[in-house]
Amino acid sequence: MATTKPAPPARSLSRRSLLVRGASLVGALGVSACRKAPSFCDDVSTLSPDQRNTRTTLGYEDSSDQPGKNCAKCSQYLEPPRMDQCGTCKVLPGSVHPNGYCRAFTPKA
Ligand code: SF4
């Protein structure tokens, strides 16, 4: 008498399992998007000539060439709501990049 092996249980994904996996994927994508810094923060199109002049006078650059000194480490820096957005500054008009720099740099205490 031949015996038949029972078929393996079909691999199924429960609704709960799908929801958990989906939430993890969305969370991972969201975190990676939020961690990405903005490409540039040098749009001065909405600034007045005086404000643009202040940026020039202070020598603002989107990318610091001063080791250990950048906007994110400056006490004048105001962080944006999301990490992929430009920040602002208490003394420099317009948007600033977290990796930017100007001559008004003041290290955080
Ligand atoms: S003062 Fe200069 S270095 Fe400091 S946050 Fe403002 S732009 Fe950046």
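Conventions and cut-offs
Residues numbered from 1 in each chain as written. Predicted model: local features only at pLDDT ≥ 70, side-chain atom pairs only at ≥ 80, totals over all residues. Helix = DSSP H or I, 4+ residues; strand = E, 2+ residues; numbered from the N terminus. Buried ≥ 20, exposed ≤ 12 C-beta atoms within 10 Å, placed from the backbone. Contact = placed C-beta atoms within 7 Å. Near = placed C-beta within 6 Å. Nonpolar A, V, L, I, M, F, W, Y, C, P; charged D, E, K, R; others polar. Core = buried A, V, L, I, M, F, W, Y, C linked by C-beta atoms within 7 Å. pLDDT = per-residue confidence, 0-100.

This next bit is on the overall build of the chain. Looking only at helices and strands, the chain features two helices and two strands. Its helices and strands in sequence order give the chain the pattern α-α-β-β, from N to C terminus. Expressed as a percentage of the 109 residues in the chain, the buried residues total 17%. For the chain, restricting intrachain contacts to residue pairs at least 6 apart in sequence, the fraction spanning at least 24 positions comes to 69%.

Before going further, it helps to examine the site of the ligand. For the ligand, the set of nearby residues contains 14 residues, the closest of which are Cys71, Cys74, Gln76, Cys89 and Cys102. Partitioning the shell around the ligand into residue classes produces 12 nonpolar, two polar and no charged.

What follows concerns the nonpolar core. Core analysis: the biggest nonpolar cluster contains 11 residues, these being Cys41, Tyr60, Cys71, Cys74, Tyr77, Cys86, Cys89, Leu92, Val96, Tyr101 and Cys102. Filtering out sequence-adjacent residues up to four positions away, cysteine 71 remains in contact with Tyr77, Gly87, Cys89, Val96, His97, Pro98, Gly100 and Tyr101.

Turning next to the environment of leucine 92. For leucine 92, the position within the fold is in the segment after strand E2 (88–89). Between the C-alpha atom of leucine 92 and that of glutamine 51, which follows or precedes it by 41 residues, the distance is 8.0 Å. Beyond its immediate chain neighbours, meaning those up to four positions away, leucine 92 contacts Thr54, Arg55, Leu58, Tyr60, Cys102 and Ala104.

What follows is about helix H2 (residues 49–57). Counting buried positions over the nine residues of H2 gives zero, only a small fraction of the element. One or two residues past the end of H2 sits glycine 59, with phi positive at roughly 70°.

Turning our eyes to something else, we now look at the confidence of the model for the chain. Interpretation of the predicted coordinates at a detailed level should be avoided for regions scoring low in pLDDT. Confidence in the prediction of the chain, expressed as mean pLDDT, is 83, and 68% of residues score 70 or more. For residues 25–33, every residue scores under 50 in pLDDT, and the model assigns this stretch one contact once sequence neighbours within four places are set aside.

On to the environment of lysine 73, then. With respect to the helices and strands, the residue lysine 73 is situated in the loop between H2 and strand E1 (77–78). Accessibility expressed as a C-beta count within 10 Å gives 16 for lysine 73, which makes it partly exposed. Each C-alpha atom, one on lysine 73 and one on phenylalanine 105, is 8.6 Å from the other, the two residues being 32 residues apart in sequence. Leaving out residues up to four positions away in the same chain, lysine 73 has contacts with Pro107 and Lys108.

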